[in-house]
Protein chains: 2
Amino acid sequence: MLRAAISLADRDGIESLSMRNLGGKLGVKAMSLYNHVRNKEDMLDGMIDVIFSEIDLPPSGVDWRTAMRQRAISAHRVLLRHPWANGLMESRTSPGPANLRHHDAVLGSLRGAGFSVEVAARAYSILDSYVYGFTLTESTLPFSNSEEAKEVAGNLLEGFRPGEYPHLAEMAVDRAMKPGYSYGDEFDYGLDLILDGILRARSDDTKR
Amino acid sequence: MLRAAISLADRDGIESLSMRNLGGKLGVKAMSLYNHVRNKEDMLDGMIDVIFSEIDLPPSGVDWRTAMRQRAISAHRVLLRHPWANGLMESRTSPGPANLRHHDAVLGSLRGAGFSVEVAARAYSILDSYVYGFTLTESTLPFSNSEEAKEVAGNLLEGFRPGEYPHLAEMAVDRAMKPGYSYGDEFDYGLDLILDGILRARSDDTKR
DNA sequence: ACCTGAACACCGTTCAAGT
DNA sequence: ACCTGAACACCGTTCAAGT
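This one's a predicted model, so the numbers in the text were calculated from it and none came from an experiment.

(A) Quick look at the protein's contact with DNA strand D. Lining the immediate surroundings of DNA strand D are 16 residues, of which A:Met31, B:Met19, B:Arg20, B:Tyr34 and B:Lys40 lie closest. Near-protein atoms of DNA strand D (within 4 Å) split between backbone and bases, with sugar and phosphate holding 51%. Contact between DNA strand D and A:Lys29: a phosphate oxygen at 2.9 Å from a main-chain N or O atom of the residue. At three residues, the largest contribution of residues to the surface near DNA strand D is made by helix α2 (residues 19–25) of chain B.

So this is what it looks like as structure tokens:
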């Protein structure tokens, strides 16, 4: 049932995931679903925990930077596959086992690499903020490839008075509308910049 | 009308902002609202543009780092005031004038400080990802001060088998439950780490 | 130019009744 | 243990009719 709900949300968006709708997909009336979950909120809790289980845990046996990098890339990929989940991942009042397990493993990976509790917490917070924020923008952007960007940006630019938004125009022409441009490709750049920062924060901390 | 809709969303959450509800607050039936907006989506477009107008533009006459820092802090504060807006800021297919103006000013501030188009775009993307992602977690966290954290974390910990999530437990006891702890206070730390990274990226770029 | 009643096609959820 | 019809209190939106 959670599986069916997730694939429905993936295909049609979270706004068309209704109990009646989901019942229809499962060949059952909406009210039957209440035999399996307390209410819709409860069902969302379950769905989010499945999403957490899809994200790779940080691998062991590699340095912390590689482990954090791989985990962030995996989280990014999973969230792109389930964009509706993005805003819900950290808002569960009753987090499920996969959620807890995931957070415990990431913190454990950092602590095991010699991070203090304080710096581990901060590093995790920055990394996750970046992953969630980047993916949020990426998956709600009104275009996803340079073709669509050209279309959208072109229409916008036509409506501008000349020189009204010069820097936006420059950005559109020089980057977004260039063939082969994809906003998603920029993910790694920011991730590495942040990992560099964390490396530095860690040295400062252990030297102290 | 946009004002009324915003204050309703601020108070009761976006999920209780209905046309009937908003009509009620304005002493009018729901259908009357359609004389002022095409539909609810159109109204949300307008609301988001008001939110953009509340964020300070990067100040001029200061170095880029101070300007970016102040702008990010202002955006963070505004998004905390209107948490429902967070996920909608970058998803408007038809961005309003305040939205365009804001993005143009930020890019202009960076370009004026000597950033290349490429590095300006990346810097802006990382900063905004961080602001949106951090605020998303912050405002959906099931607790906001150390008292509530103690409550929530305490309840969670009781449900664990001993040693099941050791690093989560450590984090809860050593940080979240400590008096005076507030997740929101961590915002500046990550912001400065990212600004350091951008400073370094900029030097590499101009040296090239 | 603005407002409204009636209507349509939807929601989540409860409850008593069925197998 | 699971399913369902009927019902309740809601949605967004259209449209013809009113001032």
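(B) Seen up close, the protein's contact with DNA strand C. In the neighbourhood of DNA strand C, 16 residues make up the surrounding shell, with A:Met19, A:Arg20, A:Tyr34, A:Lys40 and B:Met31 lying closest. Considering DNA strand C, the proportion of its atoms within 4 Å of the protein that are sugar or phosphate atoms stands at 51%. A:Tyr34 is positioned with one of its side-chain polar atoms (N or O) 2.8 Å from a phosphate oxygen of DNA strand C. One of the backbone nitrogen or oxygen atoms of B:Lys29 is found 2.9 Å away from a phosphate oxygen of DNA strand C. With three residues, helix α2 (residues 19–25) of chain A is the single largest residue contributor to the surface near DNA strand C. In terms of residue class, the surface near DNA strand C is built from six nonpolar, six polar and four charged.

(C) Summary view of the pattern of salt bridges. Considering all chains together, one arrives at 24 salt bridges over all chains under this definition. The closest approach of N and O atoms between B:Arg11 and B:Asp12, which form a salt bridge, is 3.7 Å. When its relative accessible area of 60% is taken as the criterion, B:Arg11 is described as exposed. According to the relative accessible area criterion, B:Asp12 is partly exposed, its value standing at 34%. Where B:Arg69 meets B:Asp188, a salt bridge forms, and the shortest distance between an N and an O atom there is 3.9 Å. One end of the pair, B:Arg69, is in helix α4 (residues 64–81); the other, B:Asp188, is in helix α9 (residues 187–207), and 119 residues separate them in sequence. What makes B:Arg69 partly exposed here is its relative accessible area of 26%. A residue is classified by how much of its surface remains accessible, and B:Asp188, at 33% relative accessible area, is partly exposed. Put simply, A:Arg65, A:Arg69, A:Asp188, A:Asp192 and A:Asp196 are held in one network by salt bridges that share partners.

(D) Inspection of the interface of chain A and chain B at higher detail. With 52 residues of chain A at the contact, the number on the chain B side is 52 residues. Summed over both partners, the interface of chain A with chain B comes to about 4600 Å²; 68% of that surface belongs to carbon and sulfur atoms. Summed over the shared surface of chain A and chain B, the number is four salt bridges. In this structure, B:Glu170 engages A:Arg111 in a salt bridge whose closest nitrogen and oxygen atoms are separated by 2.7 Å. Our count for the contact surface shared by chain A and chain B stands at twelve residue pairs in polar contact (both at pLDDT 80 or more). Here the element with the most residues in the side of chain A that touches chain B is helix α6 (residues 117–140) of chain A; it accounts for 14 residues. Here the side of chain A that touches chain B is built from residues that sort into 25 nonpolar, 14 polar and 13 charged.

(E) Highlighting the packing of helix α3 (residues 40–54) of chain B against helix α5 (residues 97–112) of chain B. Residue and element names in this part refer to chain B. For the pair α3 and α5, interaxial distance at closest approach is 7 Å and the crossing angle is 35°. As α3 packs across α5, the resulting crossing turns out to be left-handed. The segment α3 lies against α5, with Asp49, Phe52 and Ser53 engaging Pro97, Ala98, Asn99, His102 and His103. Here the residues of the contact of α3 with α5 sort into three nonpolar, four polar and one charged.

(F) Expanded view of the relation of the copies chain A and chain B. The transform that puts chain A on chain B rotates by 180° and translates by 0.0 Å along the axis, for an RMSD of 0.0 Å. In short, the pair behaves as if placed about a two-fold rotation axis. Taking C-alpha positions as the reference, the residue of chain A nearest the rotation axis is A:Gly133, at 1.9 Å.

(G) Local environment of the packing of α6(A) against helix α6 (residues 117–140) of chain B. Running from N to C, α6(A) and α6(B) cross one another at 105°; their axes reach a closest spacing of 6 Å. In this view, α6(A) runs roughly perpendicular relative to α6(B), as classed from their interaxial angle. For the pair α6(A) and α6(B), contact is made by A:Ser125, A:Ile126, A:Ser129, A:Tyr130, A:Tyr132, A:Gly133, A:Phe134, A:Leu136 and A:Thr137 and by B:Ser125, B:Ile126, B:Ser129, B:Tyr130, B:Tyr132, B:Gly133, B:Phe134, B:Leu136 and B:Thr137, respectively. Taken together, the residues that form the contact of α6(A) with α6(B) break down as ten nonpolar, eight polar and no charged.

(H) Broad picture of the nonpolar core. One finds A:Met47, A:Trp84, A:Met89, A:Ile194, B:Met47 and B:Met89 to be the most contacted residues of the largest nonpolar core, which totals 131 residues. Setting aside residues up to four positions removed in sequence, A:Trp84 forms contacts with A:Ile6, A:Ala9, A:Asp10, A:Ile14, A:Met47, A:Ile48 and A:Ile51.

(I) Layout of the environment of B:Tyr34. Residues and elements named next belong to chain B. Within the secondary structure, Tyr34 is located in the loop between α2 and α3. By relative accessible area, which is 44% here, Tyr34 ends up partly exposed. Other than its neighbours up to four places away in sequence, Tyr34 contacts Met19 and Asn39.

Reading the values: rules and limits
Residue positions are given per chain, counting from 1 as you read along its sequence in written order. Chain A is the first chain written and ligand 1 is the first ligand written, with later ones labelled in order. Predicted model: local features are reported for residues with pLDDT of at least 70 only, side-chain atom pairs are reported and counted for 80 or more only, and whole-chain, interface and lining totals are derived from all residues. Only hydrogens and water are set aside when side-chain values are computed; all heavy atoms of the structure are taken into account. Think of it this way: one heavy atom of a residue within 4 Å of a molecule or strand is enough to make that residue near it. Throughout this description, a polar contact denotes any pair of N or O atoms lying within 3.5 Å of each other; where both atoms belong to protein, one of them has to be capable of donating a hydrogen while the other can accept it, and for residues adjacent in sequence the pair is counted only when both atoms sit in side chains. Counting from the N terminus, the helices are the DSSP runs of H or I reaching at least four residues and the strands are the DSSP runs of E reaching at least two. Charged means Asp, Glu, Lys or Arg here, nonpolar means Ala, Val, Leu, Ile, Met, Phe, Trp, Tyr, Cys or Pro, and polar covers whatever is left, Gly included. Within this document, salt bridges are pairs made up of a side-chain nitrogen of Lys or Arg and a carboxyl oxygen of Asp or Glu, the two lying within 4 Å of each other. Type-normalised accessible area, obtained with a 1.4 Å probe on protein chains alone, sets the label of each residue: buried when under 20%, exposed when over 50%, and partly exposed for intermediate values. Should any heavy atoms of two residues lie within 4.5 Å, those residues are counted as being in contact. Buried area: the accessible area, evaluated with a 1.4 Å probe, that two parts lose upon being put together, summed over both parts. For helices, the axis comes from a line fit to the C-alpha atoms of the stretch in contact; other axes are also lines fit to C-alpha atoms, and the angle between any two N-to-C directions lies between 0 and 180 degrees. Definitions for this section: a left-handed crossing has its near helix turned counterclockwise from the far helix by less than a right angle. A right-handed crossing has that turn clockwise. In superposing the copies, a least-squares fit is computed on C-alpha atoms, taking residues whose pLDDT is at least 70 in both. If an angle is under 35 degrees, it is roughly parallel; if it is over 145, roughly antiparallel; if it lies from 65 to 115, roughly perpendicular; otherwise it is oblique. To define a nonpolar core, start from buried Ala, Val, Leu, Ile, Met, Phe, Trp, Tyr and Cys residues and group those joined through side-chain atoms within 4.5 Å.

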